Amino acid sequence: MKKILLVLSLFILTGCNYSIIEEQETTLKEIYKDYFDIGAAVTSFNLDSLNDEYTTFTAEYEMKWDQLEETKDEYNFDSMDIIANYIRENDMKLRGHTIVWYQTTPEFIHDIKNLNISIEDKIDLCLEHIEDYYQTVYDKYGDILTCYDVVNEVISDSNNPNELYRSNDPYYEMFGYSEEYFEYFIKEVLKIVKEISPNVTRYYNDYFVITNYTKRNKINEFISRINKEEKLIEGMGAQSHITVSVTQEEVINTLNTFRNLNVEFSFTELDISSYENSYDPQVTYDELSLARAYNAIFTVARDNKDIVSNITFWGINDSMTWLDKDDRKDYPLLFDVNGNKKYAYYVISKFGGVS
Ligand code: GLA
């Protein structure tokens, strides 16, 4: 009954034919099988709340470097194994996440900064650790790994177009804020991943890609520089932590930018906040605006299916989202707090319908 009322009110609101909401047995992974993979970020403790919508998983926390190897050579695979085993049992694929990321760099890497050695030696030492780490992870999970966010969030958020890299990146800092050293290091990391796992697609992953033109251009510049002599970055991951105000034009411009770079593209961490920004106390969420925003993403993704390889939701349902704050609940996903499909789900599964 609630569903019928929703359909009716949306019909009145928009004048569109919303007869698209009907119980459907099929899943997003089925519906989109000729387009791109559908994924979700999961944790080792929410696998029991899963629905059968996905072909790929990203570990929300468990695969970050400081989670797996907090202390040099002391690995803890317990939580990641739970996710990996679920993937194996269900014949799914793993998106690796992540290696070079300022937020989850282990302490023993940070410590290299204080060693009394040259920058060249610091770079070599970092690369040695990364090679050890990636080889170990690949030995464990290589059977299910298809791609990897090798580098995450190295680009600066500053409005200054000439400030390319984030100043609090531990490697950039340790290498004396030299773009040349930093880019050499990034290239070498990508070469290590290529050498160990030539079949794993190497991604650069970042936020504000869709909604911030300046940042998008910086990422464009970064990938062009890294790939100048050899295509080391093969995929662009747009995290896509966006809000209901995203426009279809922004998504089109984003896809056009990366198409020019000749890399594949994935929406790697999609969730659509019900608030305008992270401080906004006022929810702007309603079923229709959420559906419209999801529809913008999926419409453009379908139109660019030759380069879009995956859309991954950052979470399973609204009961657990990293966007929740103590005094602010958010509703960014396709399933509500009880795991029921929201209107947006039906819209993207019927290829549109929101005007
Ligand atoms: C970034 C990271 C993710 C995750 C989110 C917050 O987007 O790439 O791994 O930590 O922040 O949950």
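The paragraphs below set out a description of the structure included in this document. Model, not experiment: these values are computed from the prediction.

## Focus: the overall build of the protein
For the protein, the helix and strand inventory stands at 12 helices and nine strands. A compact globule built from 355 residues would reach a C-alpha radius of gyration of about 20 Å, and the protein, at 21 Å, matches this within 12%. Here the protein holds 355 residues, and the buried ones make up 55% of them. Per element, the accessible surface of the protein, about 15,500 Å² overall, is 46% carbon and sulfur.

## Thoughts on a nonpolar patch on the surface
On the surface, Phe-45, Tyr-61 and Met-320 cluster together into a nonpolar patch covering about 310 Å² of accessible area. In this structure, Tyr-61 sits in the loop between strand S2 (56-59) and helix H3 (65-68).

## Digging into the site of the ligand
The environment of the ligand is made up of Lys-64, His-97, Trp-101, Asn-152, Glu-153, Gln-239, His-241, Glu-269, Trp-314 and Trp-322. Lys-64 places a polar side-chain atom, nitrogen or oxygen, 2.7 Å from an oxygen atom of the ligand. Within the side chain of Gln-239, one N or O atom sits 2.8 Å away from an oxygen atom of the ligand. Protein coverage of the free-state accessible area of the ligand, which is 300 Å², stands at 88%. Class assignment for the residues of the shell around the ligand results in three nonpolar, four polar and three charged.

## Let's talk about unusual backbone geometry
Thr-98 follows His-97 through a cis peptide bond whose omega is 5°. Along the chain, the position of Thr-98 falls in strand S3 (residues 93-100). For Ser-240, which is not a glycine, the phi torsion comes out positive at approximately 70°.

Reading the values: the criteria
- Residues numbered from 1 in each chain as written.
- Predicted model: local features only at pLDDT ≥ 70, side-chain atom pairs only at ≥ 80, totals over all residues.
- Heavy atoms only, no water.
- Helix = DSSP H or I, 4+ residues; strand = E, 2+ residues; numbered from the N terminus.
- Rg over C-alpha atoms; globule rule 2.2 N^0.38 Å.
- Buried < 20%, exposed > 50% of the residue type's maximum accessible area, 1.4 Å probe, protein only.
- Areas by Shrake-Rupley, 256 points an atom, 1.4 Å probe, with all protein chains shown as cover.
- Patch = residues over 30% accessible without salt bridge, like charges linked within 9 Å, V, L, I, M, F, W, Y side chains within 5 Å.
- Salt bridge = Lys/Arg side-chain N within 4 Å of Asp/Glu carboxyl O.
- Near = heavy atom within 4 Å.
- Polar contact = N/O pair within 3.5 Å; in protein donor to acceptor, adjacent residues only side chain to side chain.
- Nonpolar A, V, L, I, M, F, W, Y, C, P; charged D, E, K, R; others polar.

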